[in-house]
Every structure is written in structure tokens, then in C-alpha cells.
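Secondary and tertiary structure notes
Each chain, letter by letter, is given below.
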Amino acid sequence: NGVVTSYPGIAGAGIDQIVVRGNGGNDSLTVDSTNNGIPIFIDFDGGFTDWSQVMSFATATGPGGANTVFNFGNGDELVVYNMRPEEFTADNFGFP
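Small disclaimer: the values here were computed from a predicted structure and weren't measured.

What about the overall build of the protein?
Along the protein, the regular secondary structure elements total one helix and seven strands. Helices and strands in the protein line up, N terminus first, as β-β-β-α-β-β-β-β. A buried classification covers 32% of the 96 residues belonging to the protein. For the protein, long-range pairs separated by at least 24 residues make up 58% of all intrachain contacts whose partners lie at least 6 apart in sequence. Accessible area of the protein: about 5900 Å², with a carbon and sulfur share of 48%.

In C-alpha cells:
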């Protein structure tokens, strides 16, 4: 929807998870994991059932492949800066 919200201290901002809803429109979420990976849980609600399914949409991008883009099609994407696809584990994600 074109809205950008920044939480520089996300772990201390009262946010304990990010919920990504499938088929809910053309949205983009950017997470900067500069400070030691993703400090919160990413919960996929809609269309995904496991970690390997989500990782099939992951592509390394940026200088030296340092970033990960999950391109789900139809303009829906999740961009995680400073975290390579191989650094994700099933513990980073949740499913309904």
C-alpha cells in the first residue's frame, strides 16, 4: 500500500512477530537484519505449510548475495537485508 514504517530497535519496539498473509494484495515487507539476523518470528498465514515451501521462493540478491528476496508473485515479496538464504532455519518461521 506504499506505507513504510521503520522500527530501528525492533526487538525493543514491542513487536514479537511479523505476520505475512498470503493472497492479501500486492505488498512488500523489508527487514534489515544487520544486527545478528532476524530478532523476531515471521509467521506465514495463508498458502504455506512448511519451511521448505517458503524457501523455494528465496533468492540471494545484492552484493555478494548478502540479501534474500522471497518473491511470491503478484507483487508480494519479503526482502531481508544482510541475511543469506542459507542462514534461515525453520525456527525463523511459523505456519498456521
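What follows continues from the structure just given.
Considerations on the environment of Gly 64
Secondary-structure assignment places Gly 64 in the loop between strand 4 (58–61) and strand 5 (67–73). The exposure class assigned to Gly 64 is exposed, which follows from its relative accessible area of 63%. Taking the C-alpha atoms as reference, Gly 64 lies 9.5 Å from Arg 84; in sequence the two are 20 residues apart.

Quick word on the pairing of strand 6 (residues 76–81)
When strand 5 meets strand 6, the two strands line up antiparallel, connected through five bridges. Its bridge partner being in strand 6, Thr 68 is matched across the sheet by Val 80. Hairpin connection between strand 5 and strand 6: a loop of two residues separates the two successive antiparallel strands, and Asn 74 in this loop has a positive phi of roughly 55°.

A look at the side chain of Thr 68
Structurally, Thr 68 can be placed in strand 5. Side-chain polar atoms of Thr 68 contact the backbone oxygen of Met 83, separated by 2.5 Å. Among all residues touching Thr 68, those that are not within four sequence positions of it are Ala 58, Thr 59, Thr 61, Leu 78, Val 79, Val 80, Met 83, Arg 84, Pro 85 and Phe 88.

Regarding the packing of aromatic side chains
Going through the model one piece at a time under the given rule, you end up with seven aromatic pairs. Ring geometry for Phe 70 against Phe 88: centres 5.3 Å apart, planes inclined by 80°, an arrangement best described as edge-to-face. Separated by 18 residues along the polypeptide, Phe 70 in strand 5 and Phe 88 in the loop between strand 6 and strand 7 (93–94) bring together distant segments of the chain. Using a relative accessible area of 0% as the deciding quantity, one classes Phe 70 as buried. Looking at Phe 88, the relative accessible area reads 3%, which means it is buried. Geometrically, the ring pair formed by Phe 88 and Phe 93 is stacked, given 5.6 Å between the ring centres and 20° between the ring planes. With respect to class, Phe 88 is no different from Phe 93; both count as buried. Ring pairing ties together the aromatic residues Phe 48, Phe 57, Phe 70, Phe 72, Phe 88 and Phe 93, which thus form one cluster.

What counts as what
Residues numbered from 1 in each chain as written. Predicted model: local features only at pLDDT ≥ 70, side-chain atom pairs only at ≥ 80, totals over all residues. Heavy atoms only, no water. Helix = DSSP H or I, 4+ residues; strand = E, 2+ residues; numbered from the N terminus. Buried < 20%, exposed > 50% of the residue type's maximum accessible area, 1.4 Å probe, protein only. Contact = heavy atoms within 4.5 Å. Areas by Shrake-Rupley, 256 points an atom, 1.4 Å probe, with all protein chains shown as cover. Pairing = 2+ DSSP bridges. Polar contact = N/O pair within 3.5 Å; in protein donor to acceptor, adjacent residues only side chain to side chain. Phe/Tyr/Trp six-rings, centres within 6.5 Å; stacked < 30°, edge-to-face > 60°.

Scope: geometric values only; no functional claims are made or implied.
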